[in-house]
Every structure is written in structure tokens, then in C-alpha cells.
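Coordinates in review
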Amino acid sequence: DGLADCADGLWGGGTPQRRLEIMRDSRVGSYGVLALVLGALLRWQALALLAAQGGWPLAAGLLVTGAVSRVPMVAIMARVPPARPDGLSRMVGRPTAGAAWGALGLAAATALLLWPSALLPLALLVPLPALWLSALARRRIGGQTGDVLGASQQLSEITALCCLAALV
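Residues numbered from 1 in each chain as written. Predicted model: local features only at pLDDT ≥ 70, side-chain atom pairs only at ≥ 80, totals over all residues. Heavy atoms only, no water.

1. A short note on the overall build of the chain
To keep things clear, this is the line we draw: Only DSSP runs of H or I with at least four residues qualify as helices, and only runs of E with at least two residues qualify as strands; both kinds are numbered from the N terminus onward. Here the radius of gyration uses the C-alpha set of atoms, whereas the globule reference equals 2.2 Å times the residue count to the power 0.38. Note on exposure labels: buried denotes an accessible area under 20% of the residue type's maximum, exposed denotes more than 50%, and partly exposed covers the range between, all computed with a 1.4 Å probe on protein chains only. We call two residues contacting when some pair of their heavy atoms lies within 4.5 Å. Accessible surface area values rest on a Shrake-Rupley calculation with a 1.4 Å probe, where residue burial reflects the displayed protein chains alone. Only four residue types enter the tally: Lys and Arg on the positive side, Asp and Glu on the negative side; His and the chain ends are excluded. Just so you know, the charge point we use is NZ for Lys, CZ for Arg, CG for Asp and CD for Glu.
Looking only at helices and strands, the chain features 10 helices and 0 strands. Listed N to C, the secondary structure of the chain is α-α-α-α-α-α-α-α-α-α in terms of helices and strands. Relative to the 2.2 N^0.38 estimate, which gives 15 Å for 168 residues, the radius of gyration of the chain is 16 Å and therefore close to what a compact globule would have. With the principal axes as the frame, the chain shows a C-alpha extent of 45 × 35 × 20 Å. The buried share among the 168 residues of the chain stands at 42%. Taking contacts inside the chain between residues at least 6 apart in sequence as the whole, the part at least 24 apart equals 75%. Per element, the accessible surface of the chain, about 8,700 Å² overall, is 69% carbon and sulfur. Positive and negative side-chain charges in the chain, numbering 13 and 8 respectively, have mean positions lying 9 Å apart.

Laid out in C-alpha cells, this is it:
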């Protein structure tokens, strides 16, 4: 939902207010459909490559991906102000920098334990889509929303899966 809403909202509408309205709309537009289809295809291909290597690469890949793909959400919440005064993201609050570092430490420990050779590539690549998305959200809507957080997780997950698939 967050990925589709961000694709529709951040590339639709001419003003930040209109973009936020589009993101809050429950209907999915053409940009959202395109983002969902591309995301599903990339995930499918990466998972197929991991599964072809056997059960352990797939299981470890899913666990590592689950951990590292959630770190950008915490980092964005800690660093980027909410775009809406009444949104869910504002009501949840902002984690401290310590909480963000803690999330990073847990994800790094998970990767180090389950797939040590992936730690450096994941650390270099997984943050990139979230950094891009958070900068785009600041510029186009003035901050982050729950949809931006959800989209950052999805983009990070896709990046992590593709990174791990490239390593096998």
C-alpha cells in the first residue's frame, strides 16, 4: 500500500497538498500499479534465485532481508519530520537516534550471524533507496508519512533480496 501510494502521490499532483491527498486516497493509480508490478517481479526473480540454491540460502535470505529492510523506516522516522499534522506517522512519534542505531545493530548482527559475506554489500546498498525516497518525500511533500515509511521498507526489501541473489 505504501509503495503504491507513494508512487501515485509523489509523481502525481502539482502541489504538496494535492500529493498528500493522492497518497491518502484508497484507489491505486497507474504509477502505483507499475510500482507494485515491478516490485513483485524483482522479488519473484530474487526469491527464485535464492530458492534454486537450496533451503538455507532462501531461509537465511528471508530472515536477513526481514531485519535489514526495516532499519530504514526507523532511521527515516528519527531524521525526517512528518509531512502531515494529523497523520499516523506523527501520532506514533519519533524514535531517538539511539533507537535507530539499536535497530541497525540488531539487523547487522542478524546478517553477520546468518550470512556474514552479505554484511558489507547490504550495508552499502540497502540504505540507498530509502535515502533517495526520504529526500524525494522532503522535497515533494515536506516530510515523511506512513506511506513513505512503508515504501522505504519495500524498496529496501527488494534491494536486499536482489543483493543476496547476486551473491549466490
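2. A closer look at helix H9 (residues 127–141)
Test applied: Expected span of a helix: the number of residues minus one, times 1.5 Å. In this description, one arc is meant: the one made by directions from the helix axis to the C-beta atoms.
Under the 1.5 Å per step criterion, the end-to-end length of H9 is 21 Å for 15 residues, consistent within 8% with the ideal 21 Å. Looking at H9, one finds that the buried residues are Pro129, Ala130, Leu133, Ser134, Leu136, Ala137 and Ile141. The buried residues of H9 all sit within an arc of 165° when viewed along its axis, so they share a single face. The outward face of H9, more than 90 degrees from its buried face, is lined by the exposed residues Leu131 and Arg139. Contact partners of the buried residues in H9: helix H1 (2–11), helix H2 (16–24), helix H5 (71–79), helix H8 (119–125) and helix H10 (146–167). Positive phi appears at Gly142, one or two residues downstream of H9, with a value of about 90°.

3. As for the packing of aromatic side chains
Under the convention used in this document: Stacked, tilted and edge-to-face pairs are distinguished by plane angle, under 30 degrees for stacked and over 60 for edge-to-face with tilted covering the rest, among Phe, Tyr and Trp rings (Trp via its six-membered ring) whose centres lie within 6.5 Å.
In the structure shown here, the tally under the stated rule is 1 aromatic pair. Between Trp11 and Trp132, the ring centres sit 5.9 Å apart and the planes meet at 25°, which makes this aromatic pair stacked. Of this pair, Trp11 sits in helix H1 while Trp132 sits in helix H9; the two residues are 121 residues apart in sequence, bridging distant segments of the chain. Residue classification places Trp132 among the partly exposed positions, given a relative accessible area of 44%.

4. Describing the pattern of salt bridges
Between side chains of opposite charge, a pair can form when the charged atoms approach closely. Filter applied, for reference: Any carboxyl oxygen of Asp or Glu that lies within 4 Å of a side-chain nitrogen of Lys or Arg is treated as forming a salt bridge with it.
In the structure shown here, the tally under the stated rule is 4 salt bridges. Here Asp86 ties to Arg24 by a salt bridge, and the two come within 3.6 Å at their closest N and O atoms. Separated by 62 residues along the polypeptide, Asp86 in the loop between H5 and helix H6 (88–92) and Arg24 in helix H2 bring together distant segments of the chain.

5. Focus on a nonpolar patch on the surface
Threshold: Exposure above 30% relative accessible area and the absence of a salt bridge qualify a residue for a patch, where like charges join within 9 Å and nonpolar side chains (Val, Leu, Ile, Met, Phe, Trp, Tyr) within 5 Å.
Among the surface-exposed residues, Val28, Val33, Leu34, Leu36, Val37, Leu38 and Leu41 lie close enough to one another that they form a single nonpolar patch of about 610 Å² accessible area. Position of Val28 relative to the elements: it lies in the loop between H2 and helix H3 (30–52). For Val28, a relative accessible area of 46% translates into the label partly exposed.

6. Observations regarding the environment of Val37
One can find Val37 in helix H3. Taking the relative accessible area as the measure of exposure, Val37 reaches 44% and is therefore partly exposed. C-alpha of Val37 to C-alpha of Ala4: the two residues are 33 residues apart in sequence and 9.8 Å apart in space.

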